[in-house]
Amino acid sequence: MEKKELQVGFSVQQKPFKIQRPGSGGDLPQIGGFNPFPVARRSNSSHAIAMDDDMESGNLGPYKDRPRTFPNMRSKPYTPLIFRILMRMNIRVVFILVLLGLGAVFYVGARTSPIIVFVFTVCIISFLISIYLTKWVLSKDEGPPEMVQISDAIRDGAEGFFRTQYGTISKMAVLLALVILGIYLFRSTTPQQESSGLGRYTSAFITVASFLLGAVCSGIAGYVGMWVSVRANVRVSSAARRSAREALQIAVRAGGFSAIVVVGMAVIGVAILYATFYVWLGVDSPGSMKVTDLPLLLVGYGFGASFVALFAQLGGGIYTKAADVGADLVGKVEQGIPEDDPRNPAVIADLVGDNVGDCAARGADLFESIAAEIISAMILGGTMAQRCKIEGKCPFYGCDSDHGGSISEQRQSIFRGQYEMIGTCNIFDPSGFILFPLVVHSFDLVISTVGIFSIRGTRDTGSIGATEDPMAILQKGYSITILLAVVTFGLSTRWMLYTEQAPSAWLHFALCGLVGIMTAYVFVWITKYYTDYKHEPVRTLALSSSTGHGTNIIAGISLGLESTALPVLVISASIVSAFWLGRTSGLVDDAGNPTGGLFGTAVATMGMLSTAAYVLTMDMFGPIADNAGGIVEMSQQPESVREITDLLDAVGNTTKATTKGFAIGSAALASFLLFSAYMDEVAAFAHVPFTQVDIAIPEVFVGGLLGSMLIFLFSAWACSAVGRTAQEVVNEVRRQFIERPGIMEYKEKPDYGRCVAIVASASLREMIKPGALAIVSPIAVGLVFRILGYYTGQPLLGAKVVASMLMFATVSGILMALFLNTAGGAWDNAKKYIETGALGGKGSDCHKAAVTGDTLSCLPSVMMFIFYGRDVGLAVMCGRPIQRHCGAFSSCPYQNACNNNSRHGSCLSLRVVHNEVYSPDCTISLYYSYLLRM
């Protein structure tokens, strides 16, 4: 990445320069005859070049005789290719293309379902609202030129790293797409593909196209998060000079723009794929794919999003943590200068890291989480509806019965493969259960928008008083969003999940959603309690710093370990409650067995994510506020302004930790669901029951040990990557302070670009090793034990070992992620608490010990490994394939319902479902859930 430097002037005095607030009526003071932080205008004028020459030679006249110009450090603004193409096109042409695109989208949606049209409408309106938020934020002033110059430096560094990082990720994605294409071209077809006539080549290209679309959308989600943060930070800094509430409102609305776009893209992306495949493949027409099998074609979309999110989190996380550690250890501890002091050569790299790590990476991560949750819930809803024969559209094409649009109260019986019709035909339409997740997240966009707009600015100026706690303001908006979520979730379940077969089922599922919503709220409260310095744990941690560095570290580790208890209890209660609420919903299969348990857990997960857009808004608020504080410090604004941004920054640390805890909780809820889905996947492919995993089998127990070990190994490699990169930064900062002693006296300028280049290159290099571990380990374990099982007569050994590995890895990873996330947020805010003036304030020994603890907050979260490894584990096919031509078995009483060239179970054109076993290779899986299958 091209090196970019912030041109800093020099002074003959050693005291830092303070700029009076604009409009205060006083002239800027002169130090040594000039301003040590002259300002860059956005121009490359000859005068600016002359100014640069004067600075290098030291030939500077009195300040009042010289214009406040400064060489522009930006070489060339970066704009993505797609935007450059659009900007060169005629506005009328762009408008026509947009209209044609919207027309095509709504046409396909109308041919699919009115529900899809509703989802499209909500998403389009949400995008228009996000455009309004963008224009509102960008209409705010950027402040004095010195702020603009620093913001430009941050923007350059973030965009440069983003280009390099996503260029690398895109190459890996294309390579993986070719691998997926090869796998699908040479693998055996699935029962659903054979029954629908979907060929191997068509299936392969659909999966690859979905994978690439998911990867592209995930990358766009990351770019949107970074794009808004690097433009909003300076506007928040400027607003802090006038009003604390205005600064808060700008940061929230900037984060809201990113959140709405990320959630809206995840929803509309899945909806467009679903509608396109529905129309293109002629779903539910004679001889074509059934609507319950259609969500299986969407798994590539979630996998592509997961792939990009993994490396975005790794690369961005290593970047931001290494820069933070390097800047703090040398700047604060060794040199005793304030945080974000312009004399620190690593300060720009630190501020860039907030954008590429906490904004771009988090946007991609939340996009992947929402997309995967939607797709998995669609699969489970469809298969449950199929299993219970939810009433609706008549599936018997050619049936000339007049249903009159009413729900049939008749039943059908199965006897040796023949349907005995009693009265009119049964009606089967599971679209409500399939499209329910899309409706829930569409309402999420609506209610989160209301929550965002509930935070308004005031005309009051100055610091935030005791009655103006920014965390309380954000919490108020979240409470409004939660209340609206309860109402809209209940309405959604009544609209989408009502069936006359079980009239009270919708109410049970509404209660499952309420369990998820309550779990989300409790998780936010728990994380806030352990990471906000207004509460006892963080203040106790800060107090431990008064006795040294070691006691601070011990207290922080103790706090992090303790913080895992309450979340685990909440998760456990939520899983059990949601499962039993779903199980008692009244939905049963042909044998009378309850079937709603797993879907109840899925609905609880949807409930927890039903406020995801507002939670992501609070997350984006954190790095924007952090950047704003850095800009204020570097531009030498008055202390009152810094007090406002420090308070917003401390709240931002809490909201970031809260969002991570929220993501851990929702993923933990889904883990039970996905583990069950994996077992059903193996049962479907192996054609033998697979309902339990016995850890008393030595090989299975070893698989569990390997899964737990992988969490720690991944954490070790990620921490090592951060440590090595931070060492390079520390050495570089120390070198500059030694070789350029004038930096501390404002006589020489630091080389910011050098630190940015070091962190950028190192983070891209270091992300490969832990990322490869997450991808390769589940596949390697499955293949090794599959071979071992083949020679020892245990055909499902590989599947059992992988199941054990995923189970243990998920449990260990949830605990590790909770520990690292909460301890990191607490360490950071303990330092912030001391910097408010408590326990000696800035520069004290207590503060130095807290800074040491804060560097440990840079331990990376391992969440991305847990769930990416889980996704890859679902790809391991360990078992015996289903035999073809099951109609050849004379012992099978259902052979009359089978086509000659199909596999038993899915080939049944009349959708026969049974669980009898008449031969080793003639079994049907009662529950198909091909989740994230490769």
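A few points on the structure.

Parameters and conventions
- Residues numbered from 1 in each chain as written.
- Predicted model: local features only at pLDDT ≥ 70, side-chain atom pairs only at ≥ 80, totals over all residues.
- Heavy atoms only, no water.
- Helix = DSSP H or I, 4+ residues; strand = E, 2+ residues; numbered from the N terminus.
- Buried < 20%, exposed > 50% of the residue type's maximum accessible area, 1.4 Å probe, protein only.
- Contact = heavy atoms within 4.5 Å.
- Areas by Shrake-Rupley, 256 points an atom, 1.4 Å probe, with all protein chains shown as cover.
- Axes fitted to C-alpha atoms, helices over the stretch in contact; angles between N-to-C directions.
- Left-handed = near helix turned anticlockwise from the far one by under 90°.
- Nonpolar A, V, L, I, M, F, W, Y, C, P; charged D, E, K, R; others polar.
- Core = buried A, V, L, I, M, F, W, Y, C linked by side-chain atoms within 4.5 Å.
- Phe/Tyr/Trp six-rings, centres within 6.5 Å; stacked < 30°, edge-to-face > 60°.
- Expected span 1.5 Å × (residues − 1).
- Bend = angle between axes of the 7 residues up to and from the residue.
- Parallel < 35°, antiparallel > 145°, perpendicular 65-115°, else oblique.
- Patch = residues over 30% accessible without salt bridge, like charges linked within 9 Å, V, L, I, M, F, W, Y side chains within 5 Å.
- Salt bridge = Lys/Arg side-chain N within 4 Å of Asp/Glu carboxyl O.

Further remarks concern the overall build of the protein. Within the protein one finds 25 helices and two strands. Evaluated residue by residue, the protein yields a buried proportion of 63% over its 934 residues. Long-range pairs, those at least 24 residues apart, make up 82% of the contacts in the protein with a sequence separation of at least 6. Surface summary for the protein: the accessible area is close to 34000 Å², and the carbon and sulfur share equals 61%.

For the rest of this paragraph, the subject is the packing of helix 5 (residues 145-186) against helix 9 (residues 299-334). Two numbers describe how helix 5 lies on helix 9: the axes approach to 10 Å, and their chain directions differ by 145 degrees. Considering only the axes of helix 5 and helix 9, their crossing is right-handed. Packed against helix 5, whose contacting residues are Phe161, Gln165, Tyr166, Ile169, Met172, Ala173, Leu176 and Ile180, the element helix 9 presents Phe303, Phe307, Val308, Phe311, Ala312, Gly315, Gly316 and Tyr319 at the interface. Here the residues of the contact of helix 5 with helix 9 sort into 13 nonpolar, three polar and no charged.

This brings us to the nonpolar core. In this structure, Tyr274, Ile348, Leu438 and Phe509 are the most contacted members of the largest nonpolar core, which totals 243 residues. By residue number, the principal contributor to this core is helix 8 (residues 244-280), which donates 24 residues. Setting aside chain neighbours within four positions, we find Phe509 in contact with Met384, Phe433, Phe489, Thr493, Leu497, Gly582, Ser585, Leu587, Gly596, Phe599, Gly600 and Val603.

Notably, Gln636 is not glycine yet its phi reads approximately 60 degrees, a positive angle. Relative to the helices and strands, Gln636 resides in the loop between helix 18 (612-634) and helix 19 (639-686). Phi angles above zero are rare outside glycine, and Leu839 is one such case at about 55 degrees. Inspection of the secondary structure assignment puts Leu839 in the loop between helix 23 (797-835) and helix 24 (845-856). Overall, the relative accessible area of 35% leaves Leu839 in the partly exposed class.

Our next topic: the side chain of Asn821. In this structure, Asn821 sits in helix 23. The buried category is assigned to Asn821, whose relative accessible area is 7%. If sequence neighbours within four positions are ignored, Asn821 has contacts with Thr527, Ala657, Lys660, Gly661 and Ile664.

A full pass over the atoms with the stated rule returns 24 aromatic pairs. Ring centres of Phe162 and Tyr166 lie 4.1 Å apart, and the angle between their planes is 25 degrees; this geometry places the pair in the stacked category. One end of the pair, Phe162, and the other, Tyr166, are both in helix 5, four residues apart, so they sit about a helical turn from each other. Accessibility classification places Phe162 together with Tyr166 in one group, the buried group.

Within the element layout of this structure, Glu643 appears in helix 19. Here the alpha-carbon distance between Glu643 and Ala240, two residues 403 residues apart in the chain, equals 9.3 Å.

Let us look at helix 17 (residues 597-608). If you check helix 17, its first and last C-alpha atoms are 17 Å apart, about what twelve residues at 1.5 Å a residue would give, namely 16 Å. What helix 17 keeps buried is the set Gly597, Leu598, Phe599, Gly600, Thr601, Ala602, Val603, Ala604, Thr605, Met606, Gly607 and Met608.

Moving on to helix 9. Between the first and last C-alpha of helix 9 there are 51 Å, a value that for 36 residues agrees with the 52 Å anticipated at 1.5 Å per step. The largest bend along helix 9 measures about 25 degrees and falls at Asp328. Along helix 9, 33 of the 36 residues are buried, which leaves the element largely enclosed by surrounding structure. One or two steps after helix 9, the chain reaches Gly336, where phi turns positive at roughly 70 degrees.

Another aspect to go through is the packing of helix 5 against helix 21 (residues 752-766). Close contact between helix 5 and helix 21 brings their axes to 11 Å; oriented N to C, the two are set at 20 degrees. Here helix 21 runs roughly parallel to helix 5, going by the angle between their axes. Read as a crossing pair, helix 5 and helix 21 show a hand that is right-handed. Along its contact with helix 5, which presents Phe161, Thr164 and Gln165, the element helix 21 presents Ala760, Ser763 and Leu764. Here the contact of helix 5 with helix 21 is built from residues that sort into three nonpolar, three polar and no charged.

This brings us to a nonpolar patch on the surface. Judged by side-chain polarity, Val93, Phe95, Ile96, Leu97, Leu99 and Leu100 come together as a nonpolar surface patch covering roughly 590 Å² of accessible area. Among the secondary structure elements, Phe95 is positioned in helix 3 (residues 91-112).

Let's shift gears to the pattern of salt bridges. Within the structure shown, the criterion is met by 20 salt bridges. Of the charged contacts, one joins Arg765 and Glu728 as a salt bridge, the two residues approaching to 3.2 Å between their closest N and O atoms. With Arg765 in helix 21 and Glu728 in helix 20 (residues 698-739), this pair connects stretches of sequence that are 37 residues apart. A relative accessible area of 31% places Glu728 in the partly exposed class. Close ionic contact of Lys831 with Asp828 constitutes a salt bridge, the shortest N to O distance being 3.5 Å. With Lys831 and Asp828 both in helix 23 and three residues apart, this pair spans about one turn of that helix. According to the relative accessible area criterion, Lys831 is buried, its value standing at 1%. Residues joined by salt bridges that share partners form a network here, namely Asp141, Arg241, Arg242 and Glu246.

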